[in-house]
Amino acid sequence: PGEIIGIIGHNGAGKSTFSRALCGLHKEMTGTVTWNGKILSAKERLQHCYMVMQEVGYQLFADTVEKECCFGIQSPDYEAAEQAMEQLGIWEYRDVHPSTLSGGQKQKVAIASTLLYDTKIIFFDEPSSNLDYQGIVQFRDIVCTLREMGKTVIIAEHRLFFLNDLYDRLIYMKDGTIERVFSQGELAEDDCKKYGLRAISYQSLKAQNLGAEQEKAAGIVDLNINIGKQELIKNLSFDLHYGEIMAIIGKNGIGKTTLGRTLAGLIKNKGKISYGKTTKERLKQSYYMMQDVDYQIFFDTVENELIPKNKVKDSEYLKEVTSYIRAIDLWDKKMDHPQELSGGQKQRLALATAFLSERKIIILDEPTSGLDYKRMKEIGAMIRKYAAKRPVVIITHDLELLFEVCNTVLMIDDKTYKKIPVKENEAEISDFLFASIG
């Protein structure tokens, strides 16, 4: 009770499967799980455990937050629901539909329901993957509250900086086995390098992309974007250059994704975008890779996903596709259905599709969410390799990715904008991202 355990390791190491088995959600297993000396069946484990999934929206079913907290309880205790919502700071959203909430708020709704069930063990699967830094701080506070309530908290996670002074134990998994267990405070930077883990501290991160600025490729002048009556972007101007990889950073809800979708021609705007006066023109000239790449996967095989009908007989294009499939390490899966791939494999496939599109501007929305250090480095190398012929815009909260691949950054904060080089501005960029932490 009150222990915080991290499960760490590369994508595919078995972290999620291990967690689901302990919860009782994965039925095909041998061995035993005991609770206070008693061996529990999968059904009994479900009574003691609850998992907050990475895509938490998939486990929310009711039409209001209050109903969601009481979902599945035969005799709803609305007084207890009110107390749980107040504990987690979501009382003001009690009559709101859960689907309209942010990722962090949805997590709180899912946790609130566990308090009514008096769940003893709460699992989180990649809880930070869709959160900005403010959301991560709020999540830390939630974990501390759960610990004070005597809950056991188990977190499968790649981003370690927010867990570093929080965990009691870290379980490092590799190839489906527990290879090492780190006690409180034992994990060091040298261990992160040895095991290929994300950094436990961001203080030493430096810009890695030192490429020189090339000629101008696009200009954005006095851009204004409204969603309904809400003004998200006002009088924004900046240029993009060939070979430039520009990060867009800022807190959730500030307008980063809206800006990316506007640059891609998916949202109307006022102002000038040089590569397309209309949304239709911008759609032809740009490619937007969504955060949830499942929405952009359409065909029956990996190979067909990368080869449009008009390129089937283009030998040069087919050679390029072969090169890409090998580069994203999917050659052995080229005839598999894309929906059978892991999340990281789907992201690499979507990234290859983006660069094979031959568009003038590539926009990537959180391309490394939920990826381990190794895969993040691989994605970063792909972006740097294929960005030489065009500008790439990356919407991200991933500071490690930013310093790995980006040479410029656009910081958005309450209608104020600042674009600067990454090199020699690492401290300012870090301070901007961590401003919400204080």
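Reading the values: the criteria
Residues numbered from 1 in each chain as written. Predicted model: local features only at pLDDT ≥ 70, side-chain atom pairs only at ≥ 80, totals over all residues. Heavy atoms only, no water. Helix = DSSP H or I, 4+ residues; strand = E, 2+ residues; numbered from the N terminus. Buried < 20%, exposed > 50% of the residue type's maximum accessible area, 1.4 Å probe, protein only. Areas by Shrake-Rupley, 256 points an atom, 1.4 Å probe, with all protein chains shown as cover. Lys, Arg positive; Asp, Glu negative; His and termini not counted. Charge placed at Lys NZ, Arg CZ, Asp CG, Glu CD. Pairing = 2+ DSSP bridges. Right-handed = clockwise from strand over helix to strand, strands pointing away. Axes fitted to C-alpha atoms, helices over the stretch in contact; angles between N-to-C directions. Parallel < 35°, antiparallel > 145°, perpendicular 65-115°, else oblique. Contact = heavy atoms within 4.5 Å.

Draft legend 1. Up close: the overall build of the chain. For the chain, the count of helices and strands is 15 helices and 17 strands. Projected onto the principal axes, the alpha-carbon positions of the chain cover approximately 65 × 50 × 45 Å. Within the chain, the fraction of its 438 residues that count as buried is 50%. Element-wise, carbon and sulfur atoms account for 48% of the exposed surface of the chain, whose accessible area totals about 21000 Å². Averaging the locations of the 57 positively and 61 negatively charged side chains of the chain gives two centres separated by 6 Å.

Draft legend 2. A look at the pairing of strand β5 (residues 121-125). Counting buried positions along β5 yields five of five residues, so the element is predominantly enclosed. Residue alternation in β5 divides its side chains into two sets, I121, F123 and D125 and I122 and F124, and both sets are buried. Relative to β5, strand β4 (residues 49-52) runs parallel, the two being bridged by four bridges. Residue pairing across strands places M51 opposite F123, the latter belonging to β5. Pairing of β5 with strand β6 (residues 152-156) involves five bridges; the strand directions are parallel. Bridge assignment links D125 to a residue of β6, and that residue is A156. Chirality of the crossover, the property in question, places the unit of β5, helix α6 (residues 133-148) and β6 among those that are right-handed.

Draft legend 3. Representation of the packing of helix α12 (residues 343-356) against helix α13 (residues 373-386) in the model. With their axes 11 Å apart at the nearest point, α12 and α13 run at an angle of 5° to one another. One finds that α12 runs roughly parallel with respect to α13. Residues R348, L351, A352 and F355 of α12 touch α13, and the partners they reach there are R375, E378, I379, M382, I383 and Y386.

Draft legend 4. Representation of the environment of E340. On the secondary structure map, E340 appears in the loop between α11 (315-327) and α12. Given a relative accessible area of 64%, E340 falls into the exposed group. C-alpha separation for the pair E340 and L232, spaced 108 residues apart in sequence, amounts to 37 Å.

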